[in-house]
2 protein chains.
Amino acid sequence: MATMLEVTDVTAETCCTPLVREPLTAAEADQLATTMKALADPTRLRLLSIVAASLDAEACVCDLIEPVGLSQPTVSHHLKVLTTAGFLTRSKRGTWAYFKLVPGALDRVSQLLVAS
Amino acid sequence: MATMLEVTDVTAETCCTPLVREPLTAAEADQLATTMKALADPTRLRLLSIVAASLDAEACVCDLIEPVGLSQPTVSHHLKVLTTAGFLTRSKRGTWAYFKLVPGALDRVSQLLVAS
């Protein structure tokens, strides 16, 4: 599944026509489904919402482990999926990695689900 | 996976706080992830977009099979997942089942992804 997710980037301007305006092409549907898969996991949704609600929409991985109650490797895996899908960016500062919400990424997905 | 999806109803008013406003609770994240799983499939996205773009946002299953190029049982399965998740309603008229977009269902998901 990780491999599939690597082809997605919700920030790509080519994706997509809003879902309800006209039938999606097969290629658009593939791309949007891959993006949705990145969001279709409760841990990833919680991580994304914690980062989004943090100061400057950025959080240290060290502050993301306890709230979701999973191991660091598992949390890092989910953060990588969200980063690959274009929802987060990662930067290393000192010992820790920090994850920041990509401005507009969730809005773009949101807009694909409505008519206008 | 079909069993998991049966607990979802995106029309339920209890779900959810917008993702970016404050951290989702575990229960909210579970519910939203289940909804997202219904959308995280290219065939279901194409079916949903064909129904949404049809006259009165309604389509006969007989008109949904050819566009996606899959068997009727497979198409029916995907339509059932979308119906269970609260995106479509199903009505039988004569020989065929008709599927209609639930007004506001996609909008509610869309709104959960943005701040306001």
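Everything numeric here is computed off the predicted structure, so don't read it as measured data. (Residues numbered from 1 in each chain as written. Chains lettered and ligands numbered in written order. Predicted model: local features only at pLDDT ≥ 70, side-chain atom pairs only at ≥ 80, totals over all residues. Heavy atoms only, no water.)

S.K.: Outline the interface of chain B and chain A, supporting the account with residue identities and numerical values.
M.R.: Contact with chain B, which involves 32 residues of that partner, is made by 32 residues of chain A. Area buried by chain B at its contact with chain A is led by B:Leu19, B:Leu45 and B:Leu113, which between them contribute 19% of it. Counting every contact that joins chain B to chain A gives 0 salt bridges. Where chain B meets chain A, there are 3 residue pairs in polar contact (both at pLDDT 80 or more). Taken together, the elements giving at least two residues each to the side of chain B that touches chain A come down to helix H2 (26-39), helix H3 (42-53) and helix H6 (105-112) of chain B. Taken together, the residues of the side of chain B that touches chain A break down into 22 nonpolar, 3 polar and 7 charged. (Contact = heavy atoms within 4.5 Å. Buried area = accessible area lost by both parts, 1.4 Å probe. Salt bridge = Lys/Arg side-chain N within 4 Å of Asp/Glu carboxyl O. Polar contact = N/O pair within 3.5 Å; in protein donor to acceptor, adjacent residues only side chain to side chain. Helix = DSSP H or I, 4+ residues; strand = E, 2+ residues; numbered from the N terminus. Nonpolar A, V, L, I, M, F, W, Y, C, P; charged D, E, K, R; others polar.)

S.K.: Please provide a residue-by-residue account of the state of the cysteines, values included.
M.R.: Residues and elements named next belong to chain B. Enumeration according to the criterion identifies 2 disulfides over all chains in this entry. Here Cys-60 is linked by a disulfide to Cys-62, with a sulfur-sulfur distance of 2.2 Å. Of note, the bridge from Cys-60 to Cys-62 carries an S-S torsion of about 130° and is right-handed in sense. (Disulfide = S-S within 2.5 Å.)

S.K.: I'd love a proper account of the packing of helix H2 (residues 26-39) of chain A against helix H6 (residues 105-112) of chain A, names of residues and values included.
M.R.: Residue and element names in this part refer to chain A. The N-to-C vectors of H2 and H6 enclose an angle of 120°; their axes lie 12 Å apart at closest approach. The pairing of H2 with H6 is recorded here as oblique in orientation. For H2 against H6, the interelement crossing comes out left-handed. Listed contacts from H6 to Leu-32, Thr-35, Met-36 and Leu-39 of H2 are Leu-106, Val-109 and Leu-112. For the contact of H2 with H6, the class distribution of residues is 6 nonpolar, 1 polar and no charged. (Axes fitted to C-alpha atoms, helices over the stretch in contact; angles between N-to-C directions. Parallel < 35°, antiparallel > 145°, perpendicular 65-115°, else oblique. Left-handed = near helix turned anticlockwise from the far one by under 90°.)

S.K.: Break down the sheet that holds strand S1 (residues 58-60) of chain B for me, with residues and values.
M.R.: Residue and element names in this part refer to chain B. Taken together, 3 strands build an open sheet; the order of strands is S1-S3-S2 and the sheet is antiparallel. Each of the sheet's edge strands pairs with one partner strand only, and the pair in question is S1 and strand S2 (88-93). Neighbour-to-neighbour, the strand axes of this sheet turn through a mean angle of 25°, independent of strand direction. Pairing analysis gives 3 bridges linking S1 to strand S3 (residues 96-101), with the strands arranged antiparallel. Within S3, the residue paired with Glu-58 across the bridge is Lys-100. (Pairing = 2+ DSSP bridges.)

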